[in-house]
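The residues making up each chain are set out below.
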Amino acid sequence: MAAPKLSGAEIRQKFLGFYADRGHQPLASGSLVPEDPTVLLTIAGMLPFKPIFLGQKNSEYPRATTSQKCIRTNDIENVGRTARHHTFFEMLGNFSFGDYFKEQAITWGWEISTQAFGISPANLVVSVYEEDDEAFDIWQQKIGVNPKRIQRMGADDNFWVSGPTGPCGPCSEIYYDFHPELGDDQIDLEDDTRFIEFYNLVFMQYNRDVDGQLTPLKNKNIDTGMGLERMAQILQQVPNNYETDLIFPIIQTAATASGVDYAAASDEQKVSLKVIGDHVRAVVHMISDGIRASNTGRGYILRRLVRRVVRHGRLLGINGAFIDAVAETAIAMSETAYPDVREQAVKIKSELQREEAQFLKTLERGEKLLAEVITTVKSQQQTVIPGADAFKLYDTFGFPLELTQEIAEEQGLTVDEAGYEVAMQEQIDTGRGAVQEIDLTVRGAIAELAKSLKPTIFLGYQQIQHTSNIVGIVVNGAINEEAEAGSKVQILLDSTPFYAESGGQVGDRGFLAGADLLVQIDDVQKEADFFIHFGTVIRGSLRQGDQVNAQVDGNSRRRAQANHSATHLLQAALKQAVDPEISQAGSLVNFDRLRFDFNCPRPLTAKEVQAVEDLVNSWVAAAHGAEVAVMPIAAAKAKGAVAMFGEKYGAEVRVVDFGGVSMELCGGIHVDNTAEIGAFKIISEAGVAAGIRRIEAVAGAAILDYLNVRETVVKELGDRFKAKPDEIVDRVTALQEELKANIKQLTQAQGDLAILKSEQLLTTAEKIGNYAVIVAELGNVDGTALQTAAERLLQKLGAGVVVLASVPAPDKVNLVAAFSKEVNDKGLQAGKFIGSIAKICGGGGGGRPNLAQAGGKDPSQVAAALQQAKTDLTIGLQ
């Protein structure tokens with residue numbers, strides 16, 4: 001009897017409900033932007049629980065269950081080509097933190113598979129680690145699985161490790177057998193046409209030390225993962241994950257936009273539709289979690305996925321914009337399980353539309369470059385486009401190989417795929433170091449110390465001075481009992497008034513002091529729930545267990561408070577004076593200034609910038625008191641508190657409210673009253689990425705530093721120009737006009753001189769074949785004058801070539817080539833010719849077939865470059 005067909009939403013809910021009924025706390029998915037600094041994106045269901053598994057943080061619950069959003073791009077080339085490779089996927093998981101262990105996990109794993117989801121035991125096969133006799137016995141004796149359907153596997157498949165050292169343990173996997181009628185004697189779990197692994201049970205029972213020795217953990221943990229998309233394929237009885245209700249509606253929207261019938265589509269068309277279906281889910285959730293397209297890090301991954309969507313749409317025949325429609329389908333499908341996606345729909349679509357429009361322009365440029373490549377190949381009587389050129393099109397313009405091949409075929413050409421693969425492999429080898437893996441051994445010694453310590457108690461909201469105990473010392477990356485004067489140290493205290501860098505605000509500075517001890521603290525960072533104090537022992541000896549007076553630098557703290565509170569007021573002012581849809585996209589608060597990044601598709605006008613500044617200063621003058629409260633996140637949102645876009649929050653949050661004009665979720669340090677800010681000044685407003693603007697500003701005492709610097713500059717300018725402060729602008733304007741006139745006269749004189757010099761070159765013209773040729777150096781004239789001279793000479797020569805060089809500066813070379821129509825008709829082009837010559841001088845360039853300019857950096861090679869030009873022309877013009 002077949003298992004009941006369930007929707008993806010029903011599978012998700014049934015899994016969470018099953019474990020909730022068995023004492024597990026259902027928790028919301030963590031953000032795709034992890035707290036773990038060693039990975040760019042959340043790549044596994046267990047990642048949000050990493051500090052708990054490491055013993056760095058205590059869990060609020062002994063058991064938990066989640067449906068975690070994940071993204072992996074290491075096998076991106078397989079997306080759409082296999083039945084179950086994805087970039088975005090959901091991992092259903094049940095977790096035990098030192099509570100139940102192996103037997104209970106296996107029992108529930110079998111029960112949810114066979115009873116809750118109704119899968120016949122005849123369709124199930126399990127694997128165990130080859131040395132895990134305990135798991136084998138549980139499966140055989142307690143569950144009753146036929147021993148032939150329990151497969152022992154090696155460490156590569158069935159032993160989970162967190163890294164070279166740290167928690168690890170065997171795992172057991174449950175597979176679905178699509179063809180149980182083939183029997184039990186020839187089971188090969190590597191045969192993915194017959195088997196699909198859908199549930200992995202990790203038994204975290206050992207700790208591996210630096211020597212590779214395994215010792216049992218005091219508290220054993222359970223970490224499991226069930227692929228939602230894979231279970232949907234099984235229960236919905238479809239041939240692959242893409243045709244489940246989790247992805248197929250997006251595919252149908254793309255098929256409609258392209259006019260392609262999925263059922264009748266070719267294999268390649270189906271691949272493109274599947275890529276769109278997968279990637280659109282990924283980018284929608286990435287943007288919802290606060291990621292913005294860029295050329296680095298997470299932003300680059302987002303941009304790459306969006307561009308793959310666009311180009312696969314193009315392969316389907318979609319030449320215009322279409323991403324908005326498929327994104328809406330993905331948003332509608334996700335909004336019940338992930339309400340934030342619908343709340344961020346406007347931002348998601350805006351970001352995708354910008355990226356799509358930008359890439360469509362890029363594709364147009366790529367097509368133009370390909371046309372030039374085809375022209376070159378044909379002019380050389382060749383029929384194959386070099387693989388390096390094809391890869392350049394892909395790497396620089398995102399131009400897909402398939403599209404290059406299609407256009408080449410229309411022109412009767414082929415593409416050197418082997419050469420393309422070589423270039424691709426070189427790129428992969430270069431970037432191999434960026435492969436993402438979970439490393440649970442971050443910060444070595446600190447992580448080791450944290451295993452035996454309680455989390456740091458933070459007292460900095462109430463006080464800036466406190467007597468604390470030293471519970472950990474690290475010197476040069478190693479745990480130490482003490483540190484002498486001059487040592488650079490990392491210190492853990494049992495409690496601290498020092499704020500650790502978080503939420504854009506830098507860590508506090510200050511001192512740790514004892515009877516004969518002084519440690520200067522320059523920074524404080526946070527790892528899980530531990531505050532790490534970075535500093536230098538100025539005098540005395542520091543010993544573990546010592547009691548010290550932890551003293552925050554009050555002046556620095558006040559500066560940071562003023563800038564942080566001003567940042568809150570700035571966001572409120574932007575929403576009120578510019579656009580209520582503006583939201584934070586990043587920030588930095590330090591002791592000297594503040595930086596605030598926000599979503600806005602256009603630059604702010606000078607009037608808007610002034611209005612924002614005036615509004616903030618009016619709130620400062622109004623002396624609004626700060627009200628700080630801790631409350632459930634639902635209550636905070638109901639009150640209208642602003643959350644940082646893409647930030648992860650716990651069940652309870654800290655709300656900072658300044659008199660109703662600004663109310664945000666924030667764990668940072670703030671002034672008690674806006675009057676303490678003193679004043680606020682915007683320094684600059686500029687774009688930093690597509691759709692992202694940045695304001696830099698100063699507040700409080702930092703304004704005096706800012707004004708002092710500018711006063712010094714104004715005084716120096718006044719002294720230099722013999723002008724009063726209010727006369728400096730007029731004086732500089734007059735000087736600029738005077739300089740502009742002088743430059744114009746100089747340029748004219750240089751041009752006239754170049755022409756006079758060039759007239760003398762007519763007598764040096766050589767005859768090569770039927771063409772007159774001048775190749776010469778023309779002193780130190782600039783590029784414009786050099787081009788004018790070349791054009792004038794060619795007019796007088798008629799059918800011929802002029803190649804001129806000049807050296808206007810010790811590290812600069814100018815080159816110009818002018819070719820007559822007759823020379824062009826012979827197949828020679830000025831742009832390509834001068835570009836190759838310029839390389840001899842350490843430069844490059846190009847231009848039109850009849851006139852081109854180039855430059856270089858090595859004047860010592862000018863003679864050699866001109867000699868090569870003569871040689872090439874002698875060959876080409878015969």
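Residues numbered from 1 in each chain as written. Predicted model: local features only at pLDDT ≥ 70, side-chain atom pairs only at ≥ 80, totals over all residues. Heavy atoms only, no water.

Draft legend 1. Broad picture of the overall build of the chain. Secondary structure summary: the chain contains 25 helices and 35 strands in total. If you line up the chain on its principal axes, its C-alpha atoms span 105 × 80 × 55 Å. Looking at the chain as a whole, 49% of its 878 residues are labelled buried. Contacts in the chain between residues at least 24 apart in sequence constitute 68% of all its contacts with a sequence separation of at least 6. Of the roughly 39,900 Å² of accessible surface on the chain, a fraction of 49% belongs to carbon and sulfur atoms. (Helix = DSSP H or I, 4+ residues; strand = E, 2+ residues; numbered from the N terminus. Buried < 20%, exposed > 50% of the residue type's maximum accessible area, 1.4 Å probe, protein only. Contact = heavy atoms within 4.5 Å. Areas by Shrake-Rupley, 256 points an atom, 1.4 Å probe, with all protein chains shown as cover.)

Draft legend 2. The arrangement of helix α22 (residues 783-797) in detail. The end-to-end C-alpha separation of α22 is 21 Å, in line with the 21 Å expected for 15 residues at 1.5 Å each. At the N-terminal end of α22, a side-chain oxygen is found 3.3 Å from the backbone nitrogen of T784, two or three residues along, and the residue is D782. Once α22 ends, the next one or two residues include G798, with phi positive near 85 degrees. (Expected span 1.5 Å × (residues − 1). Polar contact = N/O pair within 3.5 Å; in protein donor to acceptor, adjacent residues only side chain to side chain.)

Draft legend 3. Region of the structure containing the side chain of T329. Within the secondary structure, T329 sits in helix α10 (residues 323-334). A relative accessible area of 18% means that T329 is categorised as buried. Excluding anything up to four places from it in sequence, T329 contacts P249, I250 and T253.

Draft legend 4. Examining the sheet that holds strand β25 (residues 626-632) more closely. Taken together, three strands build an open sheet; the order of strands is β25-β26-β27 and the sheet is antiparallel. In this open sheet, the two edge strands, each paired with only one partner strand, are β25 and β27 (662-665). Mean inter-strand twist for the sheet, computed between neighbouring axes without regard to direction, equals 20 degrees. As paired elements, strand β26 (residues 652-658) and β27 share four bridges and run antiparallel to each other. Of the residues in β27, the one forming a bridge with V656 is E664. The sheet contacts of helix α17 (residues 554-577) involve β26 and β27, and relative to β27 the element is tilted by about 115 degrees. (Pairing = 2+ DSSP bridges. Axes fitted to C-alpha atoms, helices over the stretch in contact; angles between N-to-C directions.)

Draft legend 5. Quick look at the sheet that holds strand β31 (residues 771-777). If you walk across this open sheet you meet the six strands as β30-β31-β32-β33-β35-β34, and the pairing is mixed. Both outer strands of the open sheet, β30 (766-768) and β34 (844-847), are each paired with one neighbouring strand and no more. The sheet shows a mean angle of 20 degrees between the axes of neighbouring strands, direction not considered. Summarising the sheet, β31 and strand β32 (residues 800-809) pair through six bridges and their orientation is parallel. Of the residues in β32, the one forming a bridge with V773 is V801. Along the sheet face, helix α25 (residues 862-876) touches β30, β31, β32 and β33 (812-819) and points at about 170 degrees away from the line of β31.

Draft legend 6. Quick look at the packing of helix α9 (residues 297-315) against helix α12 (residues 345-379). Two elements in contact, α9 and α12, have axes whose closest approach is 9 Å; the angle formed by their N-to-C orientations is 60 degrees. If you check the angle between α9 and α12, you find them oblique. Two packed elements cross with a definite hand, and for α9 against α12 that hand is right-handed. Contacts between α9 and α12 pair L302, R303, V306, R307, V310, R311 and R314 from the former with E351, L352, E355, E356, Q358, F359, L360, T362, L363 and E367 from the latter. (Parallel < 35°, antiparallel > 145°, perpendicular 65-115°, else oblique. Left-handed = near helix turned anticlockwise from the far one by under 90°.)

Draft legend 7. Structural detail: the pattern of salt bridges. One pass over the structure, following the stated rule, counts 32 salt bridges. Notably, a salt bridge pairs K69 with D289, separated by 3.0 Å at the nearest N-O pair. Within this pair, whereas K69 is found in strand β2 (residues 63-71), its partner D289 is found in the loop between α8 (267-288) and α9, the two being separated by 220 residues in sequence. Considered together, K69 and D289 belong to a single accessibility category, that of buried residues. The shortest N-O distance in the salt bridge between R81 and E268 comes to 3.5 Å. One end of the pair, R81, is in the loop between β2 and β3 (88-97); the other, E268, is in helix α8, with 187 residues separating them in the sequence. Among the residues examined, R81 registers a relative accessible area of 45% and is labelled partly exposed. (Salt bridge = Lys/Arg side-chain N within 4 Å of Asp/Glu carboxyl O.)

Draft legend 8. How the structure looks around the packing of aromatic side chains. Overall, the coordinates contain 19 aromatic pairs when judged by the stated rule. Each residue in the set F15, F18, Y19, Y100, W108 and Y199 is aromatic and connected to the rest through ring pairs, giving one cluster. Sitting over the face of the ring of Y262, K270 holds its NZ or CZ atom 5.0 Å from the ring centroid. Positioned above the aromatic ring of Y461, the side-chain terminus of R654 is 3.7 Å from the ring centre. (Phe/Tyr/Trp six-rings, centres within 6.5 Å; stacked < 30°, edge-to-face > 60°. Lys NZ or Arg CZ within 6 Å of the ring centre and 35° of its normal.)

Draft legend 9. Local environment of the pairing of strand β20 (residues 530-539). The buried fraction of β20 is high, at seven of ten residues. Direction of pairing for strand β16 (residues 488-493) relative to β20: antiparallel, over a ladder of five bridges. Across the sheet, residue V489 finds its bridge partner in β20, namely G535. Of the strand pairs in this sheet, strand β19 (residues 518-527) and β20 are connected by nine bridges, and their pairing is antiparallel. Bridged to E527 within β20 is F530.

Draft legend 10. Main features of the nonpolar core. Counting 110 residues, the largest nonpolar core has F117, W139 and F198 as the members making the most contacts within it. With sequence-adjacent residues up to four places away left out, F198 is seen in contact with S113, I119, L124, I174, Y175, Y176, G225, M226, G227, R230, M231 and I234. L594, F596, C600 and C666 belong to the second-largest nonpolar core, a separate cluster that totals 29 residues. (Core = buried A, V, L, I, M, F, W, Y, C linked by side-chain atoms within 4.5 Å.)

Draft legend 11. Seen up close, the pairing of β27. Neither face of β27 is exposed, since S662 and E664 on one face and M663 and L665 on the opposite face are all buried. Hairpin geometry of β26 and β27 is characterised by an intervening segment of three residues between the two adjacent antiparallel strands and by a positive phi of about 55 degrees at G659.

Draft legend 12. Representation of the confidence of the model for the chain in the model. Taken as a whole, the chain shows an average pLDDT of 88; of its residues, 95% reach a score of 70 or greater. This model gives residues 430-442 a pLDDT under 50, and the stretch forms 31 contacts once residues within four places in sequence are excluded. (pLDDT = per-residue confidence, 0-100.)

Draft legend 13. Here's a closer look at a nonpolar patch on the surface. Together, V709, V713 and L717 make up a nonpolar patch on the protein surface, roughly 220 Å² of accessible area in all. Its place among the elements puts V709 in helix α20 (residues 702-721). Assessed through its relative accessible area of 47%, V709 is described here as partly exposed. (Patch = residues over 30% accessible without salt bridge, like charges linked within 9 Å, V, L, I, M, F, W, Y side chains within 5 Å.)

Draft legend 14. Broad picture of the state of the cysteines. All chains considered together, the criterion is met by zero disulfides. The thiol of C70 is not disulfide-bonded; the next cysteine sulfur, from C171, is found 17 Å away. Relative accessible area serves as the criterion here: at 0%, C70 is assigned to the buried category. (Disulfide = S-S within 2.5 Å.)

Draft legend 15. Structural context of the packing of α10 against α12. At a minimum axis distance of 10 Å, the contact between α10 and α12 shows a crossing angle of 150 degrees. Overall, the two elements α10 and α12 adopt an arrangement that is roughly antiparallel. In this structure, the crossing between α10 and α12 has a hand that is right-handed. Along its contact with α10, which presents I323, D324, A327, E328 and I331, the element α12 presents A345, I348, K349, L352, Q353 and E356. For the contact of α10 with α12, a count of residues per class yields six nonpolar, one polar and four charged. (Nonpolar A, V, L, I, M, F, W, Y, C, P; charged D, E, K, R; others polar.)

Draft legend 16. Seen up close, α20. For α20, which comprises 20 residues, the first-to-last C-alpha distance of 29 Å matches the rise-based estimate of 28 Å (1.5 Å per residue) to within 8%. If you check which residues of α20 are buried, you get A702, I703, Y706 and G718. Across the axial projection of α20, the buried residues extend over an arc of 135 degrees, all falling on one side. Facing away from the buried side of α20, by more than 90 degrees, are the exposed residues L704, E711, K715 and R720. Phi turns positive, to about 55 degrees, at K722, one or two residues after α20. (Arc of directions from axis to C-beta.)

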